[in-house]
Structures are given as C-alpha cells and as structure tokens.
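Remarks on the overall topology
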Amino acid sequence: MSPVTDNLKGFSVTFRHLFRKPVTQQFPEYKRPVYPRFRGRHRLHRHENGLEKCVGCSLCAAACPADCIRVVAAENTPEERYSPGERYARIYEINMSRCIFCGYCELACPFDAITLGHDYELAEMSRDALVYTKQMLLEPGPEARRTPVAPVDPYDIPAQEDGPA
Amino acid sequence: MPDGFIVTAIKSFVLVNLVMVMFAFMTWFERRLIGRFQVRLGPNRVGPFGLLQPIADLGKLIQKESLIPVGSSAFLYLVAPVISLFSALMVFSVVPFGGQATIPGTDYQIYLWIADPNVALLLVFALGSFSFYGFLVGGWSSSSKYSLYGSMRAVSQLVSYEVSLALAVIGVVMMSQTLSLTGIVDAQQRDGVWYIVPQFAGFVIYLLASTAEVSRIPFDLPEAEGELVAGYHTEYGGMRWAMFQNAEYIALIAFSALASILFLGGYDGPVLPGPLWMLIKMFIFLFLSIWVRSTLPRVRYDRLMTIGWKVLLPLATVNLLVTSAIVAYRA
Ligand code: SF4
Ligand code: SF4
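Residues numbered from 1 in each chain as written. Chains lettered and ligands numbered in written order. Predicted model: local features only at pLDDT ≥ 70, side-chain atom pairs only at ≥ 80, totals over all residues. Heavy atoms only, no water.

1. Digging into the overall build of chain B
- Broken down by element type, chain B carries eleven helices and two strands.
- Listing the helices and strands of chain B from first to last along the sequence gives α-α-α-β-β-α-α-α-α-α-α-α-α.
- Overall, the C-alpha framework of chain B stretches about 60 × 55 × 45 Å when taken along its three principal axes.
- Looking at chain B as a whole, 53% of its 331 residues qualify as buried.
- Here the analysis covers contacts within chain B between residues at least 6 apart in sequence; of these, 74% occur between residues at least 24 apart.
- Per element, the accessible surface of chain B, about 15,100 Å² overall, is 71% carbon and sulfur.
- When the 20 positive and 18 negative side-chain charges of chain B are each reduced to one mean point, those points stand 9 Å apart. (Helix = DSSP H or I, 4+ residues; strand = E, 2+ residues; numbered from the N terminus. Buried < 20%, exposed > 50% of the residue type's maximum accessible area, 1.4 Å probe, protein only. Contact = heavy atoms within 4.5 Å. Areas by Shrake-Rupley, 256 points an atom, 1.4 Å probe, with all protein chains shown as cover. Lys, Arg positive; Asp, Glu negative; His and termini not counted. Charge placed at Lys NZ, Arg CZ, Asp CG, Glu CD.)

So, in structure tokens, the structure goes:
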C-alpha cells in the first residue's frame, strides 16, 4: 500500500461514516433506561405498615467512604412512632455533591432501609439543594420530578453473547 | 469601480455581510458535518437544525471579558486580529461572483464584483500574506511562549507553502495569459475547458498548499492544540479570538472561491445563474476541506516542512516547466 492508496482508503472510510445513522441519544427527550443494578439517587424505604425501616443506627454513615451521610437518631415514643425499633432517624441527610454512588450505605444497612434507586438526573443550580433531607429521600417521597420513566425495555442495548456488558 | 462610487459602496457593504453570513454558516456546517463524520449529530438545539448556533455562540463570545495579558504590547495585541480579519475580508473585493447582472425589476446593470484589477491574483496573494502579519504580531505581542511558537510556525509555514501555491497558480496564469480573475474565467470559457483538466497537478498542489495557507488540519501546526495550547491565539479571548477565527474561516472561504475561479471555471456553468454556480463550487471545496479535516491527523512539523520544500515545490516547478513548454509550443 502506498501513502496515496492508504489515504484514499481513509477518505472512503470517513465518507461511508457520513451516511451512518448517528448514535447520539437525544437526552432530555430520550432518557436512556438504566440496568436493574444501576446505582442512582438513594431511597429510604418503609415497612408495609407505613413505619420507616431506618432505625437510625448510623451504620451507613460509618460505611460511607465519602462521609456524606448525616444521621441524628431519636427515641421513638408510643405517641410518636416512626420505626419499629427503639430509635428512628430524626435527621437523615445525604450530601449528594459528595456521594460517589458506591452503594456501601446500602450494603451496610442491617434493615435494607436505604437503597440506591435509578434516578440519575441530579443536577441542581446550587450546592445547598444537593443536600437531600429525609423528607426528600423517604418513600413515597415527593413525586420524584426527575425519575426517568423507562419508555422501553432497559435491555434495549443489543445483548452481547456473554450477557449485558 | 465600473459602477460608480455609491453602488460600489453598497455592493461592498452587502458583500461583507454576505461573507459574514457565509462564515457563520460555515461554522455551523463544519460542526454538523464533522458530527456526522463521527457518527454523531452535532449542534441541533438552537433553531431549526441548530442553524442559529453561530448566533448563540456570538452572544456568548460578546459577553466574555476582554482582557489584555500582562507584559503584552497592548496596541499590537489589539490590532493583530483586526489586521487578519481585514486582509481576509479584502480578498473578496476582487473575487467575481458573476459577470454583469440586471437588478430585478429595473434596467440597472451592475457587475457582480467589487473591483476587477488586472493584477487581482497578485493582490490576493499579497493580502493572504498580509493576514499572516496579524498572526505574527498577535503571537508576538501577547508575551506568551505558546503564542510566540505558534506565530513563528505560522510564518515559516507561510513562507514554505506560499511559494508552491504561487507556482501552482502561475500554471493557470500561463494558460489564461492574465492575472485578472474575471479574465481567467473568460479564458476558461475561451479554451472550452476548466483548468482543473490541463492543470490537474497544479490543482492538487493548490489544494495542499492552500490548506497549509489557511492552516487547516492536517496543516494546522500554528495552532496545534496538543502542543501549543492554541498557538498564536492562546492569549486571546472573546470577540478578539472570534476575529481570528473569523479571519481563518474567511480565508478558507476565499481560497475556496479562488480555487473555483482558477480551476473550476468560476461562475461559468450551464442553466443556473453564475453566482449560484460560484456558490456550488465553493461549497464543494468547503466540503472537501471538512472531509479532509475529519479524516487526516495533523502532520509532524518536520514533515510539514518536508512536504512543502521537498515534495510540493519540485512538483510545482516541474508542473510550471511543462506548462510553459506546452504554452510556448502552442503559441
Ligand atoms: S453511595 Fe457510597 S458515597 Fe453515597 S451515600 Fe452511600 S456510602 Fe456514601
Ligand atoms: S439507613 Fe440503615 S444503616 Fe443507615 S441509619 Fe438507617 S438503619 Fe442504620
């Protein structure tokens, strides 16, 4: 191959690419569904009777490598009962600007109270807004305005031989 | 000024704005097309098909702070982009977009060029070299080593490629026996053949050398991001940076116009009106330039010099000798 034919070959390759369908996903219109084990925005779960699963043990905060969970526990009283255990999380905050979405909090929690959900649209105009409070995290929280609704099967990506990559 | 002063002034005004629109369109076109070459979409958000993207960019650039680096020669720093832009725009004063035309609805005849001096080609080359003063002065005056390197590269590149470029063009001049651009178009009609056919070697040399002249990839060494940040306009921002970019793109458009005139018969073509042919031909060269940009990597600096001096210059010389022999034999 001479330099000339080499270059011509290169030109033909780029020219053929011109007529391919672009792979761009138009983000705000098309929200790419995520895999089931995707780690996104956290959720605090409830028992079926409505009580919070979290008992304020702070194990998640201890496990968090980014040190972004703040738990302040308080005693449940018969009049004000939030969780089945002795204590509940009076304050539960996650600083989303520091979270690295490692999922250690989920692993550490003895009650499966916290899990990482599928929402990934977490941009905010101010840092303060990124400190998520318990109210925001608790299910069924305020209608999650940013949860992308998967319009198609999450496995829309052509499956590879050895399972999803 | 065959049309008189006032009409020429109006024509110049229209032309400058037209060229600016072409520049804006070109930035959009390039980004879209490179996107498609890379199997992505390119800008498509602002306006239909992203067509208003250049205007959004302009809005952004205007808002930028304009600062003068410490230690720079303020006057030269400020004047450099103006030199480049001015000389790039000036080239269009001699580019003919057509012959004579009648203004619709009247009997008024105008020429579709601003001026048609009999040394138009010389003027174009003089202005092309002049715009490098802008790069040189801008790089030197911003007191930054990257800018200085960039401008030095720009100048040595100009010196290397200007010679081959001129030699390639002289082949056309020999065949057409004139330096006037309208004259060259007429000569191609007279000879009944676009000069790309008899001057194919010259055409290839012209393409390569003019790519180097407007410092486009693969010859964009003066602003090689990988090594020089942004070359001579490293220290420029906002509208001054935009003027440099503007100058570069307008030079590219000008060289495309020139290529259309020299090798593709300019505004000569069947059925469609002259200016449209001119635009179509320019468009071909602009497309080619984007295609090259999305295909070839930047060449190494010593190779750039090798290509310029050891390949293009001998080729251009041989082309010139053969052409002159043929022209002399025919005469
Ligand atoms: S995902 Fe990781 S970083 Fe984020 S809150 Fe849980 S433990 Fe901390
Ligand atoms: S979320 Fe789990 S680990 Fe964290 S404080 Fe509540 S119960 Fe403990």
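2. Remarks on the nonpolar core
- Counting residues in hydrophobic clusters, the biggest one holds 80 residues, and the most contacted among them are Phe92, Leu121, Leu181, Tyr206 and Leu262 of chain B.
- No other element matches the 14 residues that helix α9 (residues 238-263) of chain B contributes to this core.
- Other than its neighbours up to four places away in sequence, Tyr206 of chain B contacts Leu165, Ala168, Val169, Phe255, Leu258, Ala259, Leu262 and Phe263 of chain B.
- Core analysis: the second largest hydrophobic core is formed by 24 residues, Met96, Cys105, Tyr132 and Leu138 of chain A among them. (Core = buried A, V, L, I, M, F, W, Y, C linked by side-chain atoms within 4.5 Å.)

3. A short note on the interface of chain B and chain A
- Contacts between chain B and chain A engage 14 residues on the former and 16 residues on the latter.
- Around 1,300 Å² of area is buried between chain B and chain A when both sides are counted, 67% of it from carbon and sulfur atoms.
- Where chain B packs against chain A, one counts six residue pairs in polar contact (both at pLDDT 80 or more).
- Mapped onto the side of chain B that touches chain A, the elements with two or more residues apiece are α1 (5-37) and α10 (274-295) of chain B.
- The dominant element in the side of chain B that touches chain A, judged by the number of residues it contributes, is α10 of chain B, at five residues.
- Counted by class, the side of chain B that touches chain A contains eight nonpolar, three polar and three charged residues. (Buried area = accessible area lost by both parts, 1.4 Å probe. Polar contact = N/O pair within 3.5 Å; in protein donor to acceptor, adjacent residues only side chain to side chain. Nonpolar A, V, L, I, M, F, W, Y, C, P; charged D, E, K, R; others polar.)

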